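Residue-level listing of the chains:
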Amino acid sequence: MDTIKQLSFFTIDLMKSAINHDENLSGKARELLLQTGKEFDRCKVNNEPTSEIEYLYDTALWLSEQIFTDDEQTESI
């Protein structure tokens, strides 16, 4: 399975977990951003198309922001 497909599955699983209000998702969100960023860099270095990974990174960034905001709200309660 290629890396972009794996990262897509990781993103979907993280979204499901966020919808279910699972706990301790910040670490997974950070890992998703890290791995997506690495894949983007790898594509750029190898002169490969980046549109799919850019979209995935933008989605991962948005999802991570949602998770971090939810975590902050939970901690303040």
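Position labels on residues start from 1 in each chain and follow its written sequence. In keeping with the model being predicted, local features are shown solely for residues with a pLDDT of at least 70 and side-chain atom pairs are shown and tallied solely at 80 or more, while totals for entire chains, interfaces and linings include all residues. Derived side-chain values reflect all non-hydrogen atoms in the structure, with water molecules and hydrogen atoms excluded from consideration.

1. With respect to the packing of helix H1 (residues 3-19) against helix H2 (residues 26-45)
At step 1: Lines fitted to C-alpha atoms define the axes here, with helix axes fitted over just the stretch in contact, and angles between the N-to-C directions of these axes take values from 0 to 180 degrees. In DSSP terms, a helix is any run of H or I states spanning at least four residues, a strand is any run of E spanning at least two, and both are numbered starting from the N terminus. Closest axis-to-axis distance for the H1/H2 pair is 11 Å, and the angle between their directions is 160°. Between H1 and H2, the interaxial angle falls into the category roughly antiparallel. Crossing of H1 over H2 shows left-handed handedness. Across from Thr3, Ile4, Leu7, Phe10, Thr11 and Leu14 in H1, the residues of H2 making contact are Lys28, Ala29, Glu31, Leu32, Gln35, Thr36 and Glu39.
At step 2: In this count, Pro and Cys sit with the nonpolar residues alongside Ala, Val, Leu, Ile, Met, Phe, Trp and Tyr, while Asp, Glu, Lys and Arg are called charged and the others, Gly among them, polar. For the contact of H1 with H2, the class distribution of residues is six nonpolar, four polar and three charged. Should an angle fall under 35 degrees it is called roughly parallel, over 145 degrees roughly antiparallel, and 65 to 115 degrees roughly perpendicular, with every other angle called oblique. Left-handed describes a crossing whose near helix is turned anticlockwise from the far helix by less than a right angle; the clockwise case is right-handed. Residues are treated as being in contact if the distance between any of their heavy atoms lies within 4.5 Å.

2. A short note on H1
At step 1: In a regular helix each residue adds 1.5 Å, so 17 residues correspond to 24 Å; H1 covers 24 Å between its end C-alpha atoms and thus fits that length.
At step 2: Note on exposure labels: buried denotes an accessible area under 20% of the residue type's maximum, exposed denotes more than 50%, and partly exposed covers the range between, all computed with a 1.4 Å probe on protein chains only. Every buried residue of H1 is accounted for by Ile4, Leu7, Thr11, Leu14, Ser17 and Ala18. Axial view of H1: buried residues confined to an arc of 140°, hence all on one face.
At step 3: For H1, the elements touching its buried residues are H2 and helix H3 (51-76).
At step 4: Just downstream of H1, histidine 21 is the residue with a positive phi angle, here 55°. By definition here, a helix of n residues has an expected span of 1.5 Å times n minus one. Along the arc lie the directions from the helix axis toward the C-beta atoms.

3. Here we look at the nonpolar core
Burial of nonpolar side chains together is a common tendency in soluble globular proteins.
At step 1: Residues belong to one nonpolar core when they are buried, are Ala, Val, Leu, Ile, Met, Phe, Trp, Tyr or Cys, and are joined through side-chain atoms within 4.5 Å. One finds Leu14 and Ile67 to be the most contacted residues of the largest nonpolar core, which totals 13 residues.
At step 2: With five residues, the single largest contributor to this core is H3.
At step 3: Those residues in contact with leucine 14 that lie beyond four places of it in its chain are Leu25, Lys28, Ala29, Leu32, Leu63 and Ile67.

Shape descriptors only; they carry no functional weight alone.
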